[in-house]
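Tertiary structure, described
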Amino acid sequence: MKNIKYIILVFLTVQLVSCSEDFLDKTPKGAPSSSNFWQTDNDAILGTNAIYAKLDAEEMYGRGYMWLINASDDMIDGRNKGVAGELKNFTSDGNVGYTNDSWRDHWATIKICNDVIRSIKTMDENGLISASVRDFCLGQAYFVSGWMYVELAYHYGDDKMGIPILSEEDPTDYFRPREANVQVNYDYAMELLTKAETLLPYVNEMSSEDLGRPHKDAATAYMAKIAVYTKKWDDVITYTNKIISSPSGRKLIDTNTPSEDFHSVFKIENNTSSEYIWSVVSNEQEGSMLPGVVLENKGWGRYNGWGYFQPVKDLDDAFEEGDYRRKATLITHGDVIENFFGEDFTWYQTSNNLTGFMFSKYLDPYQNADPIGNTINTSGDYVTTDLWIPLIRFAEIVLWKAEAKLMKGENADTEINLIRDRAGLLPKTGCTMDDLKHERRCELAGEFADRHFDLVRWGDAQAAYAQPLYGNMGTYDADGNLVKTEVKQVWPARTYNPAYHHVWPLPPNEIEKSKGTKGELVQNAGW
């Protein structure tokens, strides 16, 4: 899948929208017509590729929902962007280009999935597609659609109002009202993911060319995520056990070398390792820009890092002494980045860094002598790399199972200690939810696992955000030597109201576009 060219074909001639009439451009001149496409297995495969078209967008998995995860107590935006600060402070009106684009592109992707599903079904009715290609194409479309609904549901829906559900059958039914509550959305996403789970192969059954496309364990993982978010703990255990015992061999990377094992999860060579469940497929031409987004702004003159999402001292303090995840997650004054553009580089704080820390999880693409054009994009304005960015990995599956067991009053020492052992930490007995929360924070920091929503769903956000955030600021002499560090506040305490800040505001421009239609959108209360 690495070299696939994502193409949008004739079925996108209809304006594809949900609360926006300009989701996608019209078909390029010279594109095939509906009368001569969707006729063969190859047509079906090429057409299905279009469901991935929007996933490369900057505000999908380059920054995208990381603007919302930035609300957590692990990081600040790092560039003093006013609108980003409003999101973090829960004072935004939702009129933020970053998140508006993410909302729009999620709905565009769902619309494309519906078009593909409808077209594949028509091919099947007319005997134009083989059973194996039909199942794989439908499985991909059901999965991607379900995945998009899950992300939209928990960001924007609650027990008062859900999000719209687009018609799979009617491509002109653009504007749909919000569902009565978010459970309706989760139920629908579960239906889609169940279909995907049935149709898709295990990852070890896929050809090397298809690696990166949806597979059975990925569908099961998002079903588990829905069960976690809806507190259906028996279901969480059922789904996580399916993945843990999967014939695909999903497991932690653990060679009993704690100093290397966790770090190796985030190496290009392990993009599809046993820990891989679902990631953003990326390469030096397209994909997720997150590694470049979190790299030091201007990259100390070596590359155009963007310098967003800088970790804070509060996250650094969360790591226990001897936890090897700390060095693999954070870098600070005096730490060495090995083989950075071909030479060992001692990290130092520039005026572009506001906390004294940088995320180090995604440095691997830069750790060779000639990364530009080989493992990172030649363009500093489109900072993709060869590293696939995990959205769900096996460690989170284990932690979801641990959480479910604890919520059921059962012992979760086995699962929590599996994670701790890989990090080089001693086992614990009688683990509690506090232990679970600690391990999730240290294991998944800086990832799309969403620390902010963890705090929200645990009921911890209000207390956490009432505390200011701190950095460890360095002072250097004229020769660049570190003279001292000083703990300073880098973000003030915030007011989080759990009555309505548990969801995010819908983009006001999308509400405006929906006015006068049968699907007129209503803003979330309190925003």
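Residues numbered from 1 in each chain as written. Predicted model: local features only at pLDDT ≥ 70, side-chain atom pairs only at ≥ 80, totals over all residues. Heavy atoms only, no water.

A few words now on the pairing of strand β5 (residues 336–340). Here three bridges tie β5 to strand β6 (residues 343–346), and the two strands are oriented antiparallel to one another. Following the sheet pairing, I337 is matched in β6 by F345. The hairpin turn running from β5 into β6, its antiparallel successor, is two residues long, and F341 in that turn takes a positive phi close to 50°. (Pairing = 2+ DSSP bridges. Helix = DSSP H or I, 4+ residues; strand = E, 2+ residues; numbered from the N terminus.)

Within this structure, the stated rule accounts for 38 aromatic pairs. Between W103 and W107, the aromatic rings sit 5.7 Å apart at their centres with planes inclined by 70°, giving edge-to-face as the arrangement. With a gap of four residues between them, W103 and W107 both fall in helix α5 (residues 97–125), about one helical turn apart. For the pair W103 and W107, one class covers both residues: buried. With 6.4 Å between their ring centres and 55° between their planes, W300 and Y348 make a pair best called tilted. Separated by 48 residues along the polypeptide, W300 in the loop between α11 (290–294) and β3 (310–311) and Y348 in the loop between β6 and β7 (357–359) bring together distant segments of the chain. Given the relative accessible area of 13%, W300 is considered buried. For Y348, a relative accessible area of 34% puts it in the partly exposed group. A network of ring pairs unites the aromatic residues W300, Y303, F340, F341, F345, W347, Y348, Y366 and Y476 as a single cluster. We note R79 situated over the ring of Y308; from NZ or CZ to the ring centre the distance is 4.9 Å. Over the face of the ring belonging to Y465 we find R494, whose NZ or CZ atom lies 4.2 Å from the ring centre. (Phe/Tyr/Trp six-rings, centres within 6.5 Å; stacked < 30°, edge-to-face > 60°. Buried < 20%, exposed > 50% of the residue type's maximum accessible area, 1.4 Å probe, protein only. Lys NZ or Arg CZ within 6 Å of the ring centre and 35° of its normal.)

For the rest of this paragraph, the subject is the pairing of strand β9 (residues 469–476). Pairing between β9 and strand β10 (residues 482–491): eight bridges, direction antiparallel. The partner of T475 across the bridge, within β10, is K484. Here β9 folds back onto β10, and the loop between the two strands holds five residues, one of which, G480, carries a positive phi near 85°.

Attention now moves to the environment of D370. Structurally, D370 can be placed in the loop between β7 and β8 (389–393). Separated by 113 residues in the primary sequence, D370 and T257 place their C-alpha atoms 28 Å from one another.

On to the packing of helix α7 (residues 182–199) against helix α8 (residues 216–229), then. For any two helices packed against each other, one specifies the crossing angle of their axes together with the interaxial distance. Here α7 crosses α8 at 160°, and the two axes come no closer than 8 Å. Taken together, the axis directions place α7 and α8 in an arrangement best described as roughly antiparallel. In this structure, α7 crosses over α8, and the sense of that crossing is left-handed. For the pair formed by α7 and α8, the contact residues are Y186, A189, M190, L193, T194, A196, E197 and T198 on the first element and K216, A219, T220, Y222, M223, I226 and Y229 on the second. (Axes fitted to C-alpha atoms, helices over the stretch in contact; angles between N-to-C directions. Parallel < 35°, antiparallel > 145°, perpendicular 65-115°, else oblique. Left-handed = near helix turned anticlockwise from the far one by under 90°. Contact = heavy atoms within 4.5 Å.)

Here the focus is the pattern of salt bridges. Side chains that differ in sign of charge can pair as their charged atoms come close. Inspection of the entire model under this criterion finds 44 salt bridges. In this structure, D173 and R176 form a salt bridge, with 3.2 Å as the shortest nitrogen-oxygen distance. Residue classification places D173 among the buried residues on the basis of a relative accessible area of 14%. Residue R176 is classed as partly exposed on the basis of its relative accessible area, which comes to 22%. For R422, the salt bridge goes to E443, with nearest N and O atoms at 3.1 Å. Pair noted here: R422 is in helix α15 (residues 413–422) and E443 is in helix α16 (residues 433–444), with a separation of 21 residues, a long-range link. (Salt bridge = Lys/Arg side-chain N within 4 Å of Asp/Glu carboxyl O.)

Note that all results are geometric; they support no functional claim without further evidence.
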